[in-house]
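Read off the chains here:
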Amino acid sequence: EPCRALPESRCSYVVYGWTTILPDNAIVTHELDFEITSVTSNPYVIYPVYGEVTTIEYSISKDATVSVDIEDTNGSSVITLLNNELKTVGTHSVEWDGKDTNGDVVSTEGDYRIKVTATNLSGTTTVGRTANVTVFK
């Protein structure tokens, strides 16, 4: 029978939830108004041997210190394009020419991860967002 036809004490409900085990010293904070609202690369595919570059564009909702890293498919750092630089609220961009820290064109064709992280000015919240760019030789 539908629950509305039964006395309230006999109604049954299904409740779904989830849990996360945190370390004993965890501090959980949530700042709804601080985020990286977008990360894009244009063009999405580059041929660095022909001198092509991609423009990485990201938007932040508050002033923050920002890092932009390029990682290979294993999650290893290829190059750091920005390292904790102070940026104001809004949209910013940085270019990547498909080269690694040594100035050499990356040795492997394929997808590379653009990892943008931002920390608010009080240092209490760090957020991250990723995008991809594909490199061909």
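Structure: above.
The structure presented is a predicted model; accordingly, all values stated were derived computationally and were not measured.

Turning next to the sheet that holds strand β4 (residues 64–71). Each strand in a sheet pairs with its neighbour through backbone hydrogen bonds, running either in the same direction (parallel) or in the opposite one (antiparallel). Taken together, the five strands give an open sheet; going across it, the order is β2-β8-β7-β4-β5, and neighbouring strands pair in mixed fashion. Each having just a single partner strand, β2 (45–46) and β5 (77–87) make up the two edges of the open sheet. Summarising the sheet, β2 and strand β8 (residues 126–135) pair through two bridges and their orientation is parallel. Opposite Val45, over in β8, you have Thr134 as the bridge partner.

For the rest of this paragraph, the subject is the nonpolar core. Within soluble globular proteins, side chains that are nonpolar generally end up buried alongside one another. Core analysis: the biggest nonpolar cluster contains 25 residues, and Val66, Trp96 and Ile114 have the highest contact counts within it. Of all the secondary-structure elements, those providing two or more residues to this core are β1 (36–42), β3 (54–60), β4, β5, β6 (90–96), β7 (110–120) and β8. Leave out the neighbours within four places in its chain, and Val66 touches Tyr58, Ile60, Leu82, Asn83, Asn84, Glu85, Lys87, Val116, Thr117 and Ala118.

This part is about the pairing of β3. Counting buried residues in β3 gives five out of seven residues, a clear majority hidden from the surface. Of the strand pairs in this sheet, β1 and β3 are connected by six bridges, and their pairing is antiparallel. By the bridge assignment, Asn42 is partnered in β3 with Thr55. Examined bridge by bridge, β3 and β6 share seven bridges and lie antiparallel to one another. What sits directly across from Tyr58, in β6, is His92.

Here Ser41 is to be found in strand β1. A polar side-chain atom of Ser41 sits 2.9 Å from the main-chain carbonyl oxygen of Asn132. Sequence-distant contacts of Ser41, that is, excluding residues within four places in its chain, are made with Thr54, Thr55, Ile56, Ile114, Asn132 and Val133.

This part takes up the side chain of Glu71. Locating Glu71 in the fold gives a position in strand β4. Apart from residues no more than four positions distant in its own chain, Glu71 is found in contact with Ser76, Ser77, Val78, Tyr112, Arg113 and Lys115.

The volume enclosed by the largest pocket comes to roughly 160 Å³. Looking at the lining of the largest pocket, its residues break down into three nonpolar, five polar and four charged.

The rules behind these values
Residues numbered from 1 in each chain as written. Predicted model: local features only at pLDDT ≥ 70, side-chain atom pairs only at ≥ 80, totals over all residues. Heavy atoms only, no water. Pairing = 2+ DSSP bridges. Helix = DSSP H or I, 4+ residues; strand = E, 2+ residues; numbered from the N terminus. Core = buried A, V, L, I, M, F, W, Y, C linked by side-chain atoms within 4.5 Å. Buried < 20%, exposed > 50% of the residue type's maximum accessible area, 1.4 Å probe, protein only. Contact = heavy atoms within 4.5 Å. Polar contact = N/O pair within 3.5 Å; in protein donor to acceptor, adjacent residues only side chain to side chain. 1 Å grid on protein atoms, 1.4 Å probe; cavity = no way out; pocket = protein on both sides within 12 Å on 5 of 7 lines; lining within 4 Å. Points joined across faces, edges and corners; volume = space filled by probe spheres on them. Nonpolar A, V, L, I, M, F, W, Y, C, P; charged D, E, K, R; others polar.

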